[in-house]
Amino acid sequence: MESEILKLEAQLIAAILNSDLKVLDQLLHDELIFVNHLGMVLSKKEDLAPHISGDLKITELVASDQQLHIFGDTCAVVVAKEIRGIYLNQPFESRVKFTRVWKLFNGDWKVITASSVPC
């Protein structure tokens, strides 16, 4: 199970870097709850909106200090990320720690909740 989650995490990073909406839609649960680094609670639709509009372009995303914690059909992933990109035509860079919870639904892993905090 651990290797499967690591593979999905890699797919998620690639999808974020490429704004691959098809893959993001597959990996994120329709009822996703995401608390971003500003404390805003976002739905899946709100989380994907900047990718859809083109307002967000992640140019670099480097993960480190990744930890997995498996609880039956649920897995919590904690990971630090160095992120660089452009949002609303303004360059940015940040270091954040993500907690993402994956849950198994009918053979498919989906992210059900995520949060990020500056680190």
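**Thoughts on the overall build of the protein**
And step 1. Each helix and strand in the protein was counted, giving three helices and six strands.
And step 2. Taking 2.2 N^0.38 as the reference for a compact globule, 119 residues should give roughly 14 Å; the C-alpha atoms of the protein span a radius of gyration of 14 Å, in line with that estimate.
And step 3. Out of the 119 residues in the protein, the part that is buried amounts to 35%.
And step 4. Put simply, 48% of the contacts in the protein that link residues at least 6 apart link residues at least 24 apart.
And step 5. Split by element, the accessible area of the protein, about 6,900 Å² in all, is 56% carbon and sulfur.

**Let's talk about the side chain of R100**
And step 1. Structurally, the position occupied by R100 is in strand β5 (residues 90-105).
And step 2. A polar atom in the side chain of R100 sits 2.7 Å from the side chain of E9.
And step 3. Here R100 is in contact with E9, L12, C75, A76, V77, V79, K81, V111, T113 and A114, once residues within four sequence places are set aside.

Cut-offs and rules
Residues numbered from 1 in each chain as written. Predicted model: local features only at pLDDT ≥ 70, side-chain atom pairs only at ≥ 80, totals over all residues. Heavy atoms only, no water. Helix = DSSP H or I, 4+ residues; strand = E, 2+ residues; numbered from the N terminus. Rg over C-alpha atoms; globule rule 2.2 N^0.38 Å. Buried < 20%, exposed > 50% of the residue type's maximum accessible area, 1.4 Å probe, protein only. Contact = heavy atoms within 4.5 Å. Areas by Shrake-Rupley, 256 points an atom, 1.4 Å probe, with all protein chains shown as cover. Polar contact = N/O pair within 3.5 Å; in protein donor to acceptor, adjacent residues only side chain to side chain.

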